[in-house]
Each structure stands twice: as C-alpha cells, then as structure tokens.
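# Chains, contacts and geometry: an overview
For reference, the chains in residue letters:
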Amino acid sequence: MMEQKFPRGAAEHSERSTLHSRLKVQHLVTLISIGQHRNAHRAAQEMGLSQPAISKIIREVEQIFGTVMFERGRGGMIPNRVGEALIARARSLVNDIDRTRDEIDAIVAGHIGSMRIGAIAFLAPEMITQSINLLAKEGISISVEVHEGTTSPLVSQLLSKELDCIIGRYSFEHEAELDQKLLAQQHFAAVISSRHTGLNPDRQISLADAAEFPWIVTPPRTAARQALTDMFVHAGLRVPDIRMETASMEVMRAALTDCNMIGLLPYSLAEQYSRLGLVRVLDLPVGYQPAPVMLIRRRSEPALPSVQRFCDALFKIAPILEAPKKTKAVHT
C-alpha cells in the first residue's frame, strides 16, 4: 500500500486546525504561572489546582506543539528557549483576551471603548484630560486607565499588550517593534513655592543668585536634570547643591513648599501650578534643547477605534500645552 503524501500547505492547515481546536486559555494561564514561579507546586497553589493537574496541562501543551519546553528537576520546572518564547506569547495572548473584556465592558457602559495609557512622570495631567474633553465635545466617550512610570518598563508593558500606548521619551530599546511619533517639544521652567521665604520678591533673581539655593530635581539621566546642568554650565557657573532627587511630583511640590528649594518643572506643569497659586515661575534662562515627548505604540498593529480617536485628540492638545506663552515670566 502506497503512503499517501500531502502537499505542505495541507499539512500546515492540519497543524493549525489541531492547534486551534486543542489549545485552551487554561494552557496559556498555566504557562504564565510556570514562567513566573519556575515551580509546578507554586503554580498549582496560585491556580487552585493539584500539582499532577499542572504537570498534565504542561504535557498537553508540549504534545500540541510537538516539542519539550521545560526542564524538570529538583530545582523546579525551568523553561527552555522554546518555553520562554511560548510563555511570552501566552502572556500577550491573555492580555489580549483581558483587553477584549475591558473593551466590551466599556461599550456596555455606554463608551465607544476603553484604553490603557502609560505616562511618564512630570507630564501635565491636562494632556490627557483635555484630550478626553475634546472627544467629549464631539460626543465621544472613552474609558481611560492611566499607568505612570518611566519609559523603559512602560515599553515592556506595551509590548506584552498590558498597555495600548505610551506618552513618554523616545525609546531606543525594542526600537524596531515600536511606532514612535513626536507629540511635543518639552520646555522647562525654574520655580519656587509661592510661600518661599528666602528670596526678595522686590528684585529679579539672577542665575548666580539661584546657584546659592538648594534645588530639587529629577534623578540623573532625566531630561529635567540635564536641563539644570546645562543651564549653569553654559553660564560658567557651578551646578547648585542638589538637596533632593525625586520622580514624584507630590514629593517635589511638598519640598518646594516646606524647604525653600528651587525646582525645575516642565513648562506646562509650572504654568498650571502658577495659575493655582502654588508656585512662582522664575525668569531664568533655561536654554536646554527641548526634550521631545513621544506617542509610542506597537508597530504594524491596527489600533482599536477608541485608541485611535484618543491619539488623534492627543496630537491636537499636546503641542498647545507644551508651547511656552509669549507673556513674560513672573519675577521675584
């Protein structure tokens, strides 16, 4: 009896059909748990299953893909290169499923959809809120979830589909996987608390005067910290005493108020806090090359309608907020 041979295309179709019919969400969730714990016992505890049940699920996954994915031993269950690749993909797929649930919940609640944004610290909250308001004026309601952090970990969350987009700095990590577009150039302004007691409000403060006061700034290798260094070095002055470093806006605002420090904020935030009477903007020559603020998304992936609508609004709002006004800064 002759062996029947199938074209490669038919074989591939058969393999995909097997994958589609046998692979379950429980397989994916188990892979993620094993990837996190590297141990079947701890994965079983997390999922409320027995250890034999976890082992059976992993065997099923290996049978579906036709290859061993884990090294078993006393040290636990360690994924090999194939296992690591599948765990990363499983995490992305499960996040896609969760994202679909969020999108449906938002539509049921009366929105056109939902989105999850990653945002770096020291961005004007108005960048997000005014974008939402702009959409609301057009009769568009979107449910928005905001996650704050630094660009690098936010990019990792974006690529694992925990986020839909990021408002952050240009990322050189995973550059080929990202679509990065300029939102605005970010300028900086030196500020003091409106209750600062160490500066004479009747005279203009010079950069040399400012060098004698303690400063609070963001950590090294951030745009604001670079702006501070450049401002004094280009003027031939020593860099002032950095009394405190923080990436928290709340900590910076408290330190400005309680400790008579000078701070450096993005222009949009400085103007917002000035309007609220919290700070005074100093007329100091912050001549640092503006730091670009980027909108970062996954490359070659169509955006959900809710995400695209929000991003369109963001491109209209961000440049307006970050552009310094022509009016002169307040002197102290």
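Keep in mind that this is a model prediction, so the values were computed, not measured. (Residues numbered from 1 in each chain as written. Predicted model: local features only at pLDDT ≥ 70, side-chain atom pairs only at ≥ 80, totals over all residues. Heavy atoms only, no water.)

## Notes on the pattern of salt bridges
Threshold: Any carboxyl oxygen of Asp or Glu within 4 Å of a side-chain nitrogen of Lys or Arg constitutes a salt bridge here. A run of H or I in DSSP counts as a helix once it spans at least four residues, and a run of E counts as a strand once it spans at least two, with each numbered from the N terminus.
Applying the stated rule across the entire model yields 14 salt bridges. Taking the shortest distance from any N to any O, the salt bridge between R101 and D98 comes out at 3.9 Å. One end of the pair, R101, and the other, D98, are both in helix α5 (residues 81-108), 3 residues apart, so they sit about a helical turn from each other. Here E250 and R253 are joined by a salt bridge, their closest N and O atoms 2.9 Å apart. With E250 and R253 both in helix α10 (residues 249-258), this residue pair falls 3 residues apart, about one helical turn.

## Let's talk about the packing of helix α2 (residues 25-37) against helix α3 (residues 40-47)
Condition: The convention used is that axes are lines fitted to C-alpha atoms, helices contributing only their stretch in contact, and that angles between N-to-C directions extend from 0 to 180 degrees. For classification purposes, an angle smaller than 35 degrees is called roughly parallel, one larger than 145 roughly antiparallel, one from 65 to 115 roughly perpendicular, and anything else oblique. Take the far helix as the reference: if the near one is turned anticlockwise from it by less than a right angle, the crossing is left-handed, and if turned clockwise, right-handed. Any two residues having at least one pair of non-hydrogen atoms within 4.5 Å are treated as being in contact. Residue classes follow a fixed rule: Ala, Val, Leu, Ile, Met, Phe, Trp, Tyr, Cys and Pro count as nonpolar, while Asp, Glu, Lys and Arg count as charged, and any other residue, Gly among them, counts as polar.
Running from amino to carboxyl end, α2 crosses α3 at an angle of 125°, the nearest separation of the two axes being 9 Å. One way to sum up the angle between α2 and α3 is to call them oblique. Where α2 crosses over α3, the handedness of that crossing is right-handed. On the side of α2, the interface is formed by Q26, V29, T30, S33, I34, Q36 and H37, while α3 contributes A40, R42, A43, E46 and M47. Residue classes in the contact of α2 with α3 are distributed as 5 nonpolar, 5 polar and 2 charged.

## What about the packing of aromatic side chains?
Remark: the centre distance and the inter-plane angle together describe each pair of aromatic rings, the angle taken between the planes. Put simply, the test is: Pairing of aromatic rings covers Phe, Tyr and Trp, the last counted by its six-membered ring, and requires centre-to-centre distances within 6.5 Å; plane angles under 30 degrees mean stacked, over 60 mean edge-to-face, and any other angle means tilted. We call a residue buried when its accessible area falls under 20% of the maximum for its residue type, exposed when it is over 50%, and partly exposed in between, using a 1.4 Å probe and counting protein chains only.
Throughout the structure, instances matching the rule amount to 2 aromatic pairs. Ring centres of W215 and F232 lie 5.7 Å apart, and the angle between their planes is 90°; on these two criteria the pair is classed as edge-to-face. Placement of the pair is W215 in strand β8 (residues 215-217) and F232 in helix α9 (residues 223-234), with a sequence separation of 17 residues. By relative accessible area, which is 0% here, W215 ends up buried. For F232, a relative accessible area of 0% puts it in the buried group.

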